[in-house]
Amino acid sequence: MRRTLVERELTEEGPRRGAAAHGRRRSVTVNLAESPLTWLHARGHLTERQFDAGERLRADYERAQIAPSTTMRWDPVRVDGGAADRDLTPSERQLAAKARFDGAMRAAGPGLSDILWRVVCAGEGLPGAERALEWPARSGKLVLKIALDRVAAFYRIG
């Protein structure tokens, strides 16, 4: 994984961003290239199975090219789909990834797929996702773990 390290001022609310971060007392080094899922796994909050399920879901999300874009995209899909997708055309691989993504989100369930999409696919941090969903603080991690367990079962990750 590539590392993009920056210094941020550490406040009671968390690392401070922008011009206000310079010339203060305490600072912290932040890796901007680290996803929220990787962060949780690296600190022991997710099991290997949950992390693998999240990575598979994110890979299918990217293969399916579901993310919104503001302009026309001419770039081809460059993500390897694995052994099962080798005989498919690029369009068929994209459709297969979309079907797997939709199935995994259905397996997670309607109440759990919200936090799953925000953290795994959109790369939103847990505190921000909890605020956006109007959930109590620190409740998102438990719900995310349950959702990742269901997605792991969908992908048959042992």
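Right above here is the structure, for reference.
Note that the structure is a prediction, hence the values are computed from the model and not measured.

S.K.: What is the right way to look at the overall build of the protein in this model?
M.R.: Scanning the protein for helices and strands turns up 6 helices and 3 strands. Counting from the amino terminus, helix and strand elements in the protein follow one another as β-β-β-α-α-α-α-α-α. Sorting the 158 residues of the protein into buried and exposed places 31% on the buried side. Contacts spanning at least 24 positions in sequence make up 55% of the contacts within the protein whose residues lie at least 6 apart. Accessible surface, the protein: about 10,400 Å² in total, of which carbon and sulfur atoms supply 52%.

S.K.: What am I meant to see in the nonpolar core here?
M.R.: One broad rule of soluble globular proteins: the nonpolar side chains tend to lie buried together. Counting residues in hydrophobic clusters, the biggest one holds 27 residues, and the most contacted among them are Leu 57, Ile 115, Leu 116, Val 120, Leu 144, Leu 148 and Val 151. If you list the elements that add at least two residues to this core, you get helix 1 (36-42), helix 2 (48-63), helix 3 (90-108), helix 4 (113-121), helix 5 (126-132) and helix 6 (140-154). Element by element, the count of residues in this core is highest for helix 6, at 6 residues. Not counting residues within four places of it along the chain, the set of residues in contact with Val 151 comprises Ala 53, Leu 57, Ala 104, Ala 108 and Leu 116.

S.K.: It is not clear to me how the packing of aromatic side chains should be interpreted in this structure. Could you clarify?
M.R.: Two numbers describe a pair of aromatic rings. These are the distance of the centres and the angle of the planes. Counted under the stated rule, the structure contains 2 aromatic pairs. Judged by centre distance (5.4 Å) and plane angle (50°), the ring pair of Tyr 61 and Phe 101 falls under tilted. Of this pair, Tyr 61 sits in helix 2 while Phe 101 sits in helix 3; the two residues are 40 residues apart in sequence, bridging distant segments of the chain. Residue Tyr 61 is classed as buried on the basis of its relative accessible area, which comes to 7%. Centre to centre, the rings of Phe 154 and Tyr 155 are 5.2 Å apart; their planes meet at 75°, and the pair counts as edge-to-face.

S.K.: Looking at this model, I keep getting lost on the environment of Leu 116. Mind explaining?
M.R.: Positionally, Leu 116 belongs in helix 4. In the structure, Leu 116 is positioned 29 residues away from Lys 145 in sequence and 9.0 Å away in space, judged by C-alpha atoms. Other than its neighbours up to four places away in sequence, Leu 116 contacts Leu 57, Met 105, Ala 108, Cys 121, Leu 144, Ala 147, Leu 148 and Val 151.

S.K.: Would you explain unusual backbone geometry in this entry?
M.R.: Glycine aside, residues mostly have negative phi angles, and peptide bonds mostly take the trans form. Despite not being glycine, Glu 134 shows a phi value in the positive range, around 60°. By the element assignment, Glu 134 lies in the loop between helix 5 and helix 6. A relative accessible area of 72% means that Glu 134 is categorised as exposed.

S.K.: What is the right way to read the packing of helix 2 against helix 6 from this model?
M.R.: When two helices pack together, their arrangement is given by the angle between the helix axes and by the axis-to-axis distance. The contact between helix 2 and helix 6 brings their axes to 8 Å, and the two run at 75°. Regarding the angle of helix 2 to helix 6, the classification is roughly perpendicular. The residues of helix 6 that touch helix 2, namely those facing Arg 49, Gln 50, Ala 53, Gly 54 and Leu 57, are Lys 145, Leu 148, Asp 149, Val 151, Ala 152 and Ala 153. The residue inventory of the contact of helix 2 with helix 6, partitioned by class, reads 6 nonpolar, 2 polar and 3 charged.

Cut-off values and rules
- Residues numbered from 1 in each chain as written.
- Predicted model: local features only at pLDDT ≥ 70, side-chain atom pairs only at ≥ 80, totals over all residues.
- Heavy atoms only, no water.
- Helix = DSSP H or I, 4+ residues; strand = E, 2+ residues; numbered from the N terminus.
- Buried < 20%, exposed > 50% of the residue type's maximum accessible area, 1.4 Å probe, protein only.
- Contact = heavy atoms within 4.5 Å.
- Areas by Shrake-Rupley, 256 points an atom, 1.4 Å probe, with all protein chains shown as cover.
- Core = buried A, V, L, I, M, F, W, Y, C linked by side-chain atoms within 4.5 Å.
- Phe/Tyr/Trp six-rings, centres within 6.5 Å; stacked < 30°, edge-to-face > 60°.
- Axes fitted to C-alpha atoms, helices over the stretch in contact; angles between N-to-C directions.
- Parallel < 35°, antiparallel > 145°, perpendicular 65-115°, else oblique.
- Nonpolar A, V, L, I, M, F, W, Y, C, P; charged D, E, K, R; others polar.

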